[in-house]
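So the chains spell out like this:
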Amino acid sequence: MKRVAIFPGSFDPFTIGHESIVRRALPMFDKIIIMIGYNTNKQSFFPIEKRMKWINQIFDDEAKVEVQTHEGLTVDFCKKVNANYILRGLRTSADFEYERAIAQVNKKMHPQIETVFLLTKPEHTPVNSSIVRDIILHGGDASMFLPKKLNMDEFKKDEA
């Protein structure tokens, strides 16, 4: 059985922390599907097509990574694509508590699905999409928080 993991999130935008988690997880899985979900509690800043394009660009050198979108429960997407793992990154203890609760509910709903947590690198702990989005929104240079393969000019809101 292939080890397929889903890395779910809104990725609005995809940061160096996200990239680090995926690249560090690659040796553990045969395939990682980065699943851009529609979060009903959040209004997207960047169109989903742009986010898909950017993530594909970041991992254009990695055949084991693909990008898909999904609306609905992550565990339902896992069943649809025959994935038995959900990959999540943890920055803080608050992240752990939040992610633990979701993982336990997912496990109750679909016992065959395991959640795998990776700790972020210490230098990525303060980096999150909301902060990066705010920097971009106010015309700041967020390039140090974005994957190197991306051009900061593409993140200007009027081009998104």
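Refer to the preceding data block for the structure.
What you are looking at is a predicted structure, and each value in this text was computed from that prediction instead of being measured.

Enquirer: Would you mind showing me how to read the sheet that holds strand 2 (residues 31-37) here?
Expert: By way of backbone hydrogen bonds, the strands of a sheet pair with one another, either parallel or antiparallel. Strand order in the open sheet formed by five strands is 3-2-1-4-5, with parallel pairing between adjacent strands. If you trace the sheet from one side to the other, it starts and ends with strand 3 (65-70) and strand 5 (114-119), each paired once. Across this sheet, the average inter-strand angle for adjacent strands is 30°, counted without regard to direction. Across the sheet, helix 2 (residues 48-58) touches strand 2 and strand 3, and the angle it forms with strand 3 is around 170°.

Enquirer: What is the right way to read unusual backbone geometry from this model?
Expert: What is expected of a backbone is that most residues other than glycine have negative phi and most peptide bonds are trans. The omega angle of the peptide bond from D12 to P13 is 5°, so this bond is cis rather than trans. By the element assignment, P13 lies in the loop between strand 1 (4-9) and helix 1 (16-25). In this structure, N82 is a non-glycine residue whose phi angle is positive, near 60°. As for its position among the elements, N82 is in the loop between helix 3 (74-80) and strand 4 (85-90). A relative accessible area of 60% means that N82 is categorised as exposed.

About the cut-offs
Going along each chain's sequence as written, the residues are numbered from 1 onward. For this predicted model, a pLDDT threshold of at least 70 governs which residues receive local features, and a threshold of 80 or more governs which side-chain atom pairs are given and counted, while totals over whole chains, interfaces and linings are taken from all residues. For the side-chain quantities, the full set of heavy atoms in the structure was used; hydrogens and water were omitted. Strands are treated as partners if at least two bridges between them are detected by DSSP. Numbering of helices and strands runs from the N terminus; a helix is a DSSP stretch of H or I covering at least four residues, while a strand is a stretch of E covering at least two. Structural elements are reduced to axes, namely lines fitted to C-alpha atoms, with helices fitted over the stretch in contact, and the angle between N-to-C directions of any two is expressed from 0 to 180 degrees. Any two residues having at least one pair of non-hydrogen atoms within 4.5 Å are treated as being in contact. The cut-offs for exposure are 20% and 50% of the maximum accessible area for each residue type, with area from a 1.4 Å probe on protein chains only; residues under the lower value are buried, those over the upper are exposed, and the others partly exposed.

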